[in-house]
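So you can see what is in the structure, the chains are spelled out below.
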Amino acid sequence: MKAVLLDRITEGKDIVLSEFPIPAVRPGWALVKVRAFGLNHSEKLLRLNEIRANYIQKPIIPGIECVGEVADPSDSGFAVGQKIVALMGGMGRSFHGSYAEYALLPRRIVFAVESELPWEALGAVPETYFTAWGSLFECLHLTAEDTLLIRGATCALGYAAIQISKALGCRVIATTHRENKLPLLAEADEALLDNGKLTGRVHGVTKALDLIGPRNLKDTLTAVEKGGFVCQTGLLGGVYTLNGFDPIKDIPNGVYLTGFFSNYPTQQIIDEIFAFLNERRLKPKVGRTFRLEEIREAILAQDGGSVDGKIVVQLNG
């Protein structure tokens, strides 16, 4: 099969497809014929930095999510040809991921799905919508009465969060640090240019989804109302830890800070997400679709930030 293999730090321009054996199925795992997968910031971090870590199996096929059909179910209980989504749980780090024609995946991260979405749209769902769903409902306990601030909203996760929260009935304030991307936030009730300081510029915010990360987290905490919740999910700001953070002083009284770690999907949550999408007839925002043979171009587009919405790689039948 054709696959991307990484064994060292790899710039987008150096990505190539290699020939690799189709994995041999084994108990507890299912062989999946990959139909589509989305590109994620996590995979960029892997190939530009984390690949050096000793805990990464090398060479590794990256890719933390995919959609496809079961090619060989082994003892998983799936049927040959069954439509599935798979994500996280060590995928593309502890074992080979989805940048390939086939993926051998542990049963615990493979989930049956019923959806009429075409493969390219379905490929935009798993990690992005699972993370948005968990952040909004498990962490923020979002309700229709909330005013939600989404900081760093012009990314696939941001668009998904806007779509879900607006479908729920929330008022949404969305931000970007690029003025030319403000029109992309038209679905939100208010779009703001983020200059790094939102405290005093937004009012009535009861819930906040911070996709920038530690770089602006302290400001997000003071931008919400007393009793508000802040969920820090993304790391778009390029700062990964917050040195000198003092929880007693830096978290305002009566404000709640949480974070969503997307490593533990379940069939129940996947079912809830697709029920929500189906009932409200929501379609993921796909920025651009590439073929597997164009994986280098897809990754260069990701690195250059030239695509608005989820980048999806679709494989031929």
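The following paragraphs examine the structure supplied in this document. All values reported here derive from a predicted model rather than from experimental measurement.

Glancing now at the packing of helix α1 (residues 41-48) against helix α8 (residues 295-304). Describing two packed helices takes the angle between their axes plus the distance from one axis to the other. At a minimum axis separation of 11 Å, α1 and α8 run at an interaxial angle of 100 degrees. On the basis of their axis angle, the class for α1 and α8 is roughly perpendicular. Along the contact surface, α1 presents H41, K44 and R47, while α8 presents I299, Q302 and D303. Per-class residue counts for the contact of α1 with α8 are one nonpolar, two polar and three charged.

The linkage connecting K58 with the following residue, P59, adopts the cis geometry, with an omega of -5 degrees. Along the chain, P59 turns up in the loop between α1 and β4 (65-72). Here M88, not a glycine, exhibits a phi torsion of approximately 60 degrees, which is positive. Structurally, the position occupied by M88 is in the loop between β5 (83-87) and β6 (102-106). Residue classification places M88 among the buried positions, given a relative accessible area of 11%. Located in the positive-phi region is R281, a residue other than glycine, with phi close to 55 degrees. Take R281: it is sitting in the loop between α7 (267-279) and β14 (286-291). A relative accessible area of 76% means that R281 is categorised as exposed.

A few words on α7. Its 13 residues place the ends of α7 18 Å apart at the C-alpha level, agreeing with the 18 Å of an ideal helix rising 1.5 Å per residue. Buried within α7 are the following residues: I269, I270, I273, F274, F276 and L277. Buried positions in α7, seen along its axis, are confined to an arc of 155 degrees and lie on one side of it. For α7, exposure combined with an orientation more than 90 degrees from the buried face picks out Q268 and E279. Remark: R281 follows α7 within two positions and exhibits a positive phi of approximately 55 degrees.

The subject of this paragraph is a negative patch on the surface. The grouping of E114, E116, D271 and E272 at the surface amounts to a negative patch. If you trace the backbone, E114 turns up in the loop between β7 (110-112) and α2 (119-122). Using a relative accessible area of 72% as the deciding quantity, one classes E114 as exposed.

Before going further, it helps to examine the side chain of D194. Within the secondary structure, D194 sits in the loop between β10 (190-193) and β11 (207-210). In terms of polar contacts, D194 uses its side chain to reach the side chain of R151, at 2.7 Å. A distance of 2.8 Å separates a polar side-chain atom of D194 from the backbone nitrogen of G196. Residues within four places of D194 in sequence aside, it is in contact with R151, T175, T176, H177, R201 and N216.

Rules used throughout
Residues numbered from 1 in each chain as written. Predicted model: local features only at pLDDT ≥ 70, side-chain atom pairs only at ≥ 80, totals over all residues. Heavy atoms only, no water. Axes fitted to C-alpha atoms, helices over the stretch in contact; angles between N-to-C directions. Helix = DSSP H or I, 4+ residues; strand = E, 2+ residues; numbered from the N terminus. Parallel < 35°, antiparallel > 145°, perpendicular 65-115°, else oblique. Contact = heavy atoms within 4.5 Å. Nonpolar A, V, L, I, M, F, W, Y, C, P; charged D, E, K, R; others polar. Buried < 20%, exposed > 50% of the residue type's maximum accessible area, 1.4 Å probe, protein only. Expected span 1.5 Å × (residues − 1). Arc of directions from axis to C-beta. Patch = residues over 30% accessible without salt bridge, like charges linked within 9 Å, V, L, I, M, F, W, Y side chains within 5 Å. Areas by Shrake-Rupley, 256 points an atom, 1.4 Å probe, with all protein chains shown as cover. Salt bridge = Lys/Arg side-chain N within 4 Å of Asp/Glu carboxyl O. Lys, Arg positive; Asp, Glu negative; His and termini not counted. Charge placed at Lys NZ, Arg CZ, Asp CG, Glu CD. Polar contact = N/O pair within 3.5 Å; in protein donor to acceptor, adjacent residues only side chain to side chain.

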